[in-house]
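# Structural overview for review
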Amino acid sequence: MPDVTGRFQLSFPEPRRRDGWFRVGNIDVTTTALLCLLSVASMFLWALSSSLVETLVFIPAEVRSGQLWRLVTWPIASAPSIWVLISIVFFWIFGHYTEELVGRSRFAGLVALVVIAPAAIVTLVPGLGSTAGAGGLSLLGTVMLVLFAAERPNAPFFFGIPAWLIAAIFVGLDVLRFLGERWWGTLVQELLMLVFALVMVRQWGHVSDLSFIPVFGKPRPSSGRSSKPASSGKRRAQGRDFDRVVTGPWPGPSLSDQAEMDRLLDKMNSVGLTDAERKRLSELGKKLRGG
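None of these values were measured; they are calculated from a predicted model. Counting starts from 1 at the beginning of each chain's written sequence and moves along it residue by residue. Side-chain atom pairs in this predicted model are given and counted only at pLDDT of 80 or more, local residue features only at pLDDT of at least 70, and totals for whole chains, interfaces and linings cover all residues. Side-chain metrics in this entry use all non-hydrogen atoms of the structure; hydrogen atoms and water are not considered.

Under the scheme used here, helices are H or I runs from DSSP no shorter than 4 residues and strands are E runs no shorter than 2 residues, and both carry numbers assigned from the N terminus. A count of helices and strands for the chain gives 12 helices and two strands. Reading the chain from its N end, one meets helices and strands in the order β-β-α-α-α-α-α-α-α-α-α-α-α-α. Each residue gets one of three labels from its accessible area relative to the maximum for its type: buried under 20%, exposed over 50%, partly exposed in between, using a 1.4 Å probe on protein chains only. The buried share of the chain, reckoned over its 291 residues, is 37%. The long-range fraction of contacts in the chain, counting pairs at least 24 apart against all pairs at least 6 apart in sequence, stands at 65%. In this analysis, two residues are considered to be in contact whenever any of their non-hydrogen atoms come within 4.5 Å of each other.

What follows is the structure, encoded as structure tokens:
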């Protein structure tokens, strides 16, 4: 009787490598992953003590009374529900896209800015605090979707709907809901989050289609993008190298080149590449082939 045990072995693919702050087993803990994990943990904590989780929610009146930590902790304050779980998955997808686009350090700063600054403004403006409150990753997930759509507006979603239209629908539904519930403070908070995020990412050379957003000084390339082209002096030096006769043996492709190519191929198969990343992938392919 033939041995068929090997045909039915269950195997899982290796977790995708990301530029995390640290690793837990095979998982790279990025800022996005950390927020998602804390949100899931807060759902279990809510089952043990809902009042403890409620102390993490953004409530302007409580912030004014001295509970300043609420300005920071509100994205991870989650009660168990299917919609909260969908928001976590949503943030995981588009948060990781943005984090890989701008780099982990800039992404951490971006998240801190859009979480704290709008909430602080709403708390300080008279009249807005009584109509504001936030908890969970829903608002941050919407911000990350808008950043994705601003960078890749025509990326197809389900039924071929472009990303910009999906983002417009999500933002529009939030606006209608907050208007209907008269939550003016939360509406202002979300709009400020979107403005701060788009302006900040624009400074790093992304969302170039939104040319109406001012760039203060020369755009600074993000660490998540491919490196800058060589200067003219460096290109002239490289040109003179062809006049020399180089003898072997020649070294093979470096591990860093292979790792970068693998990362770009994974990203191409998941969310697609920017023009600069496609050019970089082509260069790496030629280099690894010895071209």
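Below, the discussion takes up the packing of helix H1 (residues 31-48) against helix H5 (residues 82-102). Every angle, taken between N-to-C directions, lies between 0 and 180 degrees, and every axis is a line fitted to C-alpha atoms, over only the stretch in contact when it is a helix. At a minimum axis separation of 8 Å, H1 and H5 run at an interaxial angle of 170 degrees. What the angle tells us is that H1 and H5 run roughly antiparallel. Considering how the two elements wind past one another, H1 and H5 form a crossing that is right-handed. Judged by residue contacts, Thr31, Thr32, Ala33, Leu35, Cys36, Ser39, Val40 and Met43 of H1 engage Val84, Ile88, Phe91, Trp92, Gly95, His96 and Glu99 from H5. Nonpolar residues are Ala, Val, Leu, Ile, Met, Phe, Trp, Tyr, Cys and Pro. Charged residues are Asp, Glu, Lys and Arg, and all others, Gly as well, are polar. When the residues that make up the contact of H1 with H5 are grouped by side-chain class, the tally is nine nonpolar, five polar and one charged. Orientation categories follow fixed angle ranges, with anything under 35 degrees roughly parallel, anything over 145 roughly antiparallel, 65 to 115 roughly perpendicular, and all other angles oblique. For a crossing to be left-handed, the near helix must be turned anticlockwise from the far one by less than a right angle; the clockwise case is right-handed.

A positive phi angle is found at Phe159, which is not glycine, with a value near 60 degrees. By the secondary structure assignment, Phe159 is in the loop between helix H7 (138-151) and helix H8 (163-181). Given a relative accessible area of 82%, Phe159 falls into the exposed group. Although it is not a glycine, Val207 sits at a positive phi angle of roughly 40 degrees. Within the secondary structure, Val207 is located in the loop between helix H9 (184-203) and helix H10 (232-241).

Right, let's talk about helix H6 (residues 104-124) for a bit. Here, expected helix span is obtained from the residue count minus one, scaled by 1.5 Å. End to end, H6 covers 30 Å across 21 residues, agreeing with the expected 30 Å (1.5 Å per residue, within 8%). When we look at burial in H6, the residues that qualify are Phe107, Leu110, Val111, Val114, Val115, Pro118, Ala119, Val122 and Thr123.

A word on the pattern of salt bridges. Think of a salt bridge as a Lys or Arg side-chain nitrogen and an Asp or Glu carboxyl oxygen that are within 4 Å of each other. As enumerated under the stated definition, the model contains one salt bridge in all. Measuring nitrogen to oxygen at the nearest pair gives 3.3 Å for the salt bridge that ties Asp174 to Arg177. Of the two residues, Asp174 and Arg177 are both situated in helix H8; the distance of three residues between them amounts to about one turn of the helix. On the basis of relative accessible area, Asp174 is assigned to the buried category, the value being 10%.

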